[in-house]
Amino acid sequence: MATQARRKRSNWVAEFGWRHLVAVAVLVFGLVPILYVVSAAFNPKGTLSATSLVPTDLSLVSFDRLFSDPNIPFGSWFANSLMIAIPAAFLSILISSLAAYAFSRFRFKGRRGMLLFLLLIQMFPAFLSVVALYLIFGAIGEFYPVAGLNTKLGLMLVYMGGALGVSTWLMKGFFDTIPKELDEAATIDGASHAQIFFGMILPLAAPIIAISGILAFVGTMNDFILASLFLTDRPEMTLAVGLKTLTADNSPASYFGIFAAGTLLTSVLTVGVFMSLQRYIVSGLTGGAVKG
């Protein structure tokens, strides 16, 4: 009996045990940095050297300094990020949904080439276009200063254009799964394309609109490279760039607690968006990836 029990345990370890080990390793890899940031945010000393994985004492002094220090305009940075991320995500989703509807429902010359182009440009990271964007918006700023470099509108236009490719492709695949018979029935009843799109297609496409909005919003809120290029004035900076200046312009060790507190508050918004729209995430991604 003992031999049989040992054999069963060895078989279980060989077949299932390694999966548990991999799961534990992934959890440790993902949770340790988060726990370290949380510990640093509530560390009363607020320094890098005094931070440990398990906090020995808790304090809100870093959060208090984050909002009370006149040299740290955290509220302005947070407002700037929202003023850029929300309109950019909304406009990119609106334009992408219109383009996806046209690609899904209409047949026109150049349609296949445009779809392949959208797929192709997604293979290249956005920072490869940094120099071109800098030159383009530098030239635009000479004629229209409100949309040039160091302006929120210019950065919003960059983010909006960057999200169009992936959003259009995902939405087009999801729209292909919606039966065209619905469009034909509505057309027979006298509905126009605009009425069909806004009255029928968009309500049915709520999952893919939600996931595209999440990707655009979170990507904008977390971006550092483009934001650091476009916004150089300290009051105009976004959260990512502003928090980076805390450790760049000051002693990184002494300001680490404030930096951790700011990143923790920023992550609360991102997690809240994910939690509120989580029921759409799986259906939106799988539905948009089935057909292309």
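For the structure, see preceding data.
Predicted model, so just to flag it, every value in this text is computed and none were measured.

Quick notes on the overall build of the protein
For step 1, the next point in the chain: Scanning the protein for helices and strands turns up 13 helices and zero strands.
For step 2, the next point in the chain: Evaluated residue by residue, the protein yields a buried proportion of 37% over its 292 residues.
For step 3, the next point in the chain: Intrachain contacts of the protein at a sequence separation of at least 6 include 71% that bridge at least 24 residues.
For step 4, the next point in the chain: Of the roughly 16,600 Å² of accessible surface on the protein, 72% is carried by carbon and sulfur atoms.

Let's talk about the packing of aromatic side chains
For step 1, the next point in the chain: All told, the structure shown has eight aromatic pairs when counted by the stated rule.
For step 2, the next point in the chain: Ring centres of F137 and F230 lie 5.2 Å apart, and the angle between their planes is 75 degrees; this geometry places the pair in the edge-to-face category. One end of the pair, F137, is in helix α5 (residues 130–143); the other, F230, is in helix α10 (residues 225–230), and 93 residues separate them in sequence.
For step 3, the next point in the chain: Three or more aromatic residues joined by ring pairs form one cluster here, namely Y101, F106, F197 and F198.

Regarding unusual backbone geometry
For step 1, the next point in the chain: Of note in the backbone geometry, N150 takes a positive phi value of approximately 60 degrees without being a glycine.
For step 2, the next point in the chain: A relative accessible area of 24% places N150 in the partly exposed class.

Regarding the pattern of salt bridges
For step 1, the next point in the chain: With the rule as written, the count across this model stands at three salt bridges.
For step 2, the next point in the chain: Taking the shortest distance from any N to any O, the salt bridge between K152 and E236 comes out at 2.3 Å. Placement of K152 in helix α6 (residues 152–176) and of E236 in the loop between α10 and α11 (239–248) is noted, with a sequence separation of 84 residues between them.
For step 3, the next point in the chain: Residue classification places K152 among the partly exposed positions, given a relative accessible area of 21%.
For step 4, the next point in the chain: Residue K172 is joined to D176 by a salt bridge in which the shortest nitrogen-to-oxygen separation is 2.8 Å. Taken together, the residues K172 and D176, both in helix α6 and four residues apart, mark about one turn of the helix.

How each quantity is defined
Residues numbered from 1 in each chain as written. Predicted model: local features only at pLDDT ≥ 70, side-chain atom pairs only at ≥ 80, totals over all residues. Heavy atoms only, no water. Helix = DSSP H or I, 4+ residues; strand = E, 2+ residues; numbered from the N terminus. Buried < 20%, exposed > 50% of the residue type's maximum accessible area, 1.4 Å probe, protein only. Contact = heavy atoms within 4.5 Å. Areas by Shrake-Rupley, 256 points an atom, 1.4 Å probe, with all protein chains shown as cover. Phe/Tyr/Trp six-rings, centres within 6.5 Å; stacked < 30°, edge-to-face > 60°. Salt bridge = Lys/Arg side-chain N within 4 Å of Asp/Glu carboxyl O.

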